[in-house]
Amino acid sequence: MWIGIDDTDSPAGMCTTYIGAVLVRRLQRCGVRIVDARLVRLNPNVIHKTRGNAAVCIEAEGDAETVFALTCACVEALAECDDPRTNPGVVVSSVRPPPDFYYAALRDFCTVDEAIGVLESAGARYRGYKNRRGLIGATAAVASDFSDRTYELLAYRKRSVWGTPRQVDVKSLFRAEEMTYPHTWDTVDRENGVVVGVPHTPDPVLFGIRGESPAWVLKARSSVRSEEPACEQVYTTNQGTDAHLVPGTIGTLREGRSYLVRGTVAGTPVTGPGGHVSFLLSDGGAEVRCMAYEPTKGFRDVARRLVPDDVVAAAGSYKGGSLNLEKLGISHLADAVRIRPPVCLDCAKRMTSAGAGKGYKCRVCGERSREPEVEVLERLLRPGWYEVPPTARRHLARPLARGVSPWEQAVLQSGRECDREPRR
Ligand code: ATP
């Protein structure tokens, strides 16, 4: 059977993955066999999310009625139900619903009624608390279908220390990453010298280690020195897979969805207030503004170095009319030129404009020239892919350490839309 839970936490505490880890242990104590524990990230643009829009699916073998009772009891005991924004959902289904609902919740927006329709069709047991919104994530979790997967080891804190500063040896985290990168990633951000895998929120998570296999995350974990965890759980996850992205066409992007689009840089990038960098990308007469926000740090230099006529593929969420960049692929670099008035051959002074369409004039000797000076500038970029640093990376975004998936490379090279799993 597939057990789904979601919407159990609040900004003040708790985490659905912690409840998943506790539930795994309670089920095992009752003789239920655990086949897999999945951490399922859903549409990162959903406004109701507490932090990372995570839901949990546990695949198990045992008596469904008992499991449903145990799961509800676990959620009722641990969820932050006093918070008005916490609306838990619990699902236990002996039939795995078709993956369409998972893809809808991953890439689009869904309603509670749609979730209930899926659950009724599957003959699932389910319980929605309060406004029942958590049924959306819980249903998507049981319907989830990972064509690509990664793993995350999550260590949880003892209850007695929740809310206090976390004791994790920073050097040991850097060592863990050095020993296992690129098979693990985002434990730390080496470029910016900061820890990424230890949260600052008052939830039970002590640290998380993301990687390519259970063996690699366990190897990295063995280097980490910290306060004694209460328990640890390795989740199978859709993190780091770009599962949220679909190939898109500029001009037809829809608010709150995430895309990979190809286009031509249509203007010189601009650094705005707050250090955010933006540029226009065009395709077929339509344009979209691409944004590299300040937290993306050095990635903004990539955006700044683009020039008009560069051909790029841009990945990110379309929000408020802009594509918020997660990754950029450069397919073609245009010649970058600087056009200036020429230097006067007689007096070596730079000429000035003689007026619109009238060429240039030397203010010293009166010499004239029609042609400007055209300087070809060295490009400080190379064709290929560039990404935001680990500190700014979205959970679902695929790190370049994992390589670029074939469909993304095809979009970059030809702009050809190619097949992904069900399109929405
Ligand atoms: P955490 O990551 O700490 O567990 P969270 O960020 O996952 O918290 P939740 O508290 O689970 O946030 O809130 C997300 C809510 O949005 C849930 O009720 C979930 O059912 C709902 N939801 C998830 N995806 C969608 C979607 N695509 N459309 C509509 N609602 C969604």
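Heads up: these notes are all about the structure in this document. (Residues numbered from 1 in each chain as written. Predicted model: local features only at pLDDT ≥ 70, side-chain atom pairs only at ≥ 80, totals over all residues. Heavy atoms only, no water.)

**Considerations on the pattern of salt bridges**
All told, the structure shown has 29 salt bridges when counted by the stated rule. The partner of Glu152 in a salt bridge is Arg210, and the shortest N-O contact between them spans 3.1 Å. Taken as a pair, Glu152 in strand β6 (residues 150-156) and Arg210 in strand β10 (residues 205-211) lie far apart in primary sequence, 58 residues in all. Considered together, Glu152 and Arg210 belong to a single accessibility category, that of buried residues. Its salt-bridge partner being Asp186, residue Arg393 comes within 2.7 Å of it at the nearest N-O pair. Of the two residues, Arg393 is situated in the loop between β24 (384-387) and α9 (406-414) and Asp186 in the loop between β7 (184-185) and β8 (188-189); the sequence distance between them amounts to 207 residues. Of the two residues, Arg393 and Asp186, both sit in the buried class. Here the salt bridges do not stand alone but share partners, grouping Arg338, Arg340, Arg350, Glu373 and Glu375 into one network. (Salt bridge = Lys/Arg side-chain N within 4 Å of Asp/Glu carboxyl O. Helix = DSSP H or I, 4+ residues; strand = E, 2+ residues; numbered from the N terminus. Buried < 20%, exposed > 50% of the residue type's maximum accessible area, 1.4 Å probe, protein only.)

**Examining the site of the ligand**
Taken together, the neighbourhood of the ligand is formed by 22 residues, with Asp7, Asp9, Arg51, Asn53 and Ala54 sitting nearest. Note that an oxygen atom of the ligand is positioned 2.7 Å from one of the backbone N or O atoms of Asn53. Between an oxygen atom of the ligand and a main-chain N or O atom of Ala54, the distance comes to 2.6 Å. Alone, the ligand offers 640 Å² of accessible surface; in the complex the protein occludes 97% of this. Tallying contributions element by element places helix α5 (residues 134-142) first for the shell around the ligand, with three residues. Here the shell around the ligand is composed, by residue class, of seven nonpolar, eight polar and seven charged. (Near = heavy atom within 4 Å. Polar contact = N/O pair within 3.5 Å; in protein donor to acceptor, adjacent residues only side chain to side chain. Areas by Shrake-Rupley, 256 points an atom, 1.4 Å probe, with all protein chains shown as cover. Nonpolar A, V, L, I, M, F, W, Y, C, P; charged D, E, K, R; others polar.)

Such coordinate-based values are descriptive only and should not be taken to indicate function.
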